[in-house]
Amino acid sequence: MPVPDPLAVHLLTAFAVAVVLLTRRVLGRRSAGTRQGPRHGHGVSPWLLDVHTGAGLAGGLLWVVFLLVDQDGATWHSLLGVVGLGLWWITGWAGLLLLGRWLPSRGRHSDARDRGWFVGLGLALLGHLGVAASAVVFTLAYLSGSV
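All of these numbers come straight from a predicted model, not from anything done at the bench. (Residues numbered from 1 in each chain as written. Predicted model: local features only at pLDDT ≥ 70, side-chain atom pairs only at ≥ 80, totals over all residues. Heavy atoms only, no water.)

Sorry if this is basic, but what is going on with the overall build of the protein chain here?
Within the protein chain, the regular secondary structure consists of 4 helices and 0 strands. Moving toward the C terminus, one meets the helices and strands of the protein chain in the order α-α-α-α. Burial status across the protein chain gives 35% buried among its 147 residues. For the protein chain, the share of sequence-separated contacts (at least 6 apart) that also reach a separation of at least 24 residues comes to 78%. (Helix = DSSP H or I, 4+ residues; strand = E, 2+ residues; numbered from the N terminus. Buried < 20%, exposed > 50% of the residue type's maximum accessible area, 1.4 Å probe, protein only. Contact = heavy atoms within 4.5 Å.)

Put into structure tokens, the structure is as follows:
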């Protein structure tokens, strides 16, 4: 089993938290005076966005505390790591589901995408596939004992 470098785990943690915050900022914007979704692109479920943000922020907080507090062998420390990992996995799956907003929609009432859709799609793929991959790296680091 490959052992991830602790520095890589710390950098991926910062990356994953940034993705969670940016996703909330971009998708959380509402049209002026309405609650129908973002200004451009397909709307997303507010529930799914809340799960992504809540699990991401809680997982990030627990995971950072787990990384910074050195209590090897303490039951509460191990539990903190496991709960943080579980929340990262939830965040990763919710992020992959949020990528569904880029699927083409058909019909009379489907909304038009903005001109920068390719850049938006590329960043969304990089961010959410990166968070899902980070959950795998975090799990490997936890199981191998490198963090």
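Sorry if this is basic, but what is going on with the pattern of salt bridges here?
When the charged atoms of two side chains with opposite charge come close together, those side chains can pair. Here the structure, examined in full by the defined rule, presents 1 salt bridge. Here D50 makes a salt bridge to R24, at a shortest N to O gap of 2.6 Å. Highlighted residues: D50 in helix 2 (residues 46-68) and R24 in helix 1 (residues 6-27), separated in sequence by 26 residues. (Salt bridge = Lys/Arg side-chain N within 4 Å of Asp/Glu carboxyl O.)

Mind showing me how you'd approach helix 1 here?
Each α-helix winds once per 3.6 residues, and so residues spaced three or four apart point in a common direction. For helix 1, which comprises 22 residues, the first-to-last C-alpha distance of 31 Å matches the rise-based estimate of 32 Å (1.5 Å per residue) to within 8%. Looking only at helix 1, the buried set comprises V9, T13, A16, V19, V20, T23 and L27. The arc that holds every buried residue of helix 1, seen down its axis, measures 125 degrees, which confines them to one face. The exposed set on the far side of helix 1, more than 90 degrees from its buried face, consists of L7, L11, L22 and R25. (Expected span 1.5 Å × (residues − 1). Arc of directions from axis to C-beta.)

Help me understand the confidence of the model for the protein chain, please; the structure alone is not making it clear to me.
Predicted coordinates in regions of low pLDDT should not be interpreted in detail. Per-chain confidence: the protein chain averages 83 in pLDDT, with 78% of residues scoring 70 or above. Across the protein chain, the element-wise mean pLDDT spans from 88 in helix 4 (residues 117-144) up to 95 in helix 2. pLDDT under 50 marks residues 30-34. Its contacts with residues more than four places away, or in other chains, come to 7 contacts. With pLDDT under 50 throughout, residues 37-41 is counted as low confidence; its partners more than four residues away or in other chains account for 17 contacts. (pLDDT = per-residue confidence, 0-100.)

Hey, could you run me through the nonpolar core in this one?
General note: in soluble globular proteins, nonpolar side chains tend to be found buried as a group. Core analysis: the largest hydrophobic core is formed by 14 residues, its most contacted members being V9, W63, F66, L67, W88, V131 and F138. The next biggest cluster of nonpolar side chains, apart from the first, holds 6 residues, and it includes V44, L48, L49 and L98. (Core = buried A, V, L, I, M, F, W, Y, C linked by side-chain atoms within 4.5 Å.)

Help me out: how do you make sense of the packing of aromatic side chains in this one?
Here a ring pair, both rings aromatic, is described through the centre-centre distance and the interplanar angle of the planes. One pass over the structure, following the stated rule, counts 4 aromatic pairs. With a centroid separation of 5.1 Å and 25 degrees between ring planes, the pair formed by W63 and F66 is classed as stacked. Here F66 and W63 lie together in helix 2, a separation of 3 residues that amounts to about one turn. Judged on exposure class, the residue W63 and its partner F66 are both buried. Taken together, the ring pairs connect W63, F66, W88, F138 and Y142 into an aromatic cluster. (Phe/Tyr/Trp six-rings, centres within 6.5 Å; stacked < 30°, edge-to-face > 60°.)

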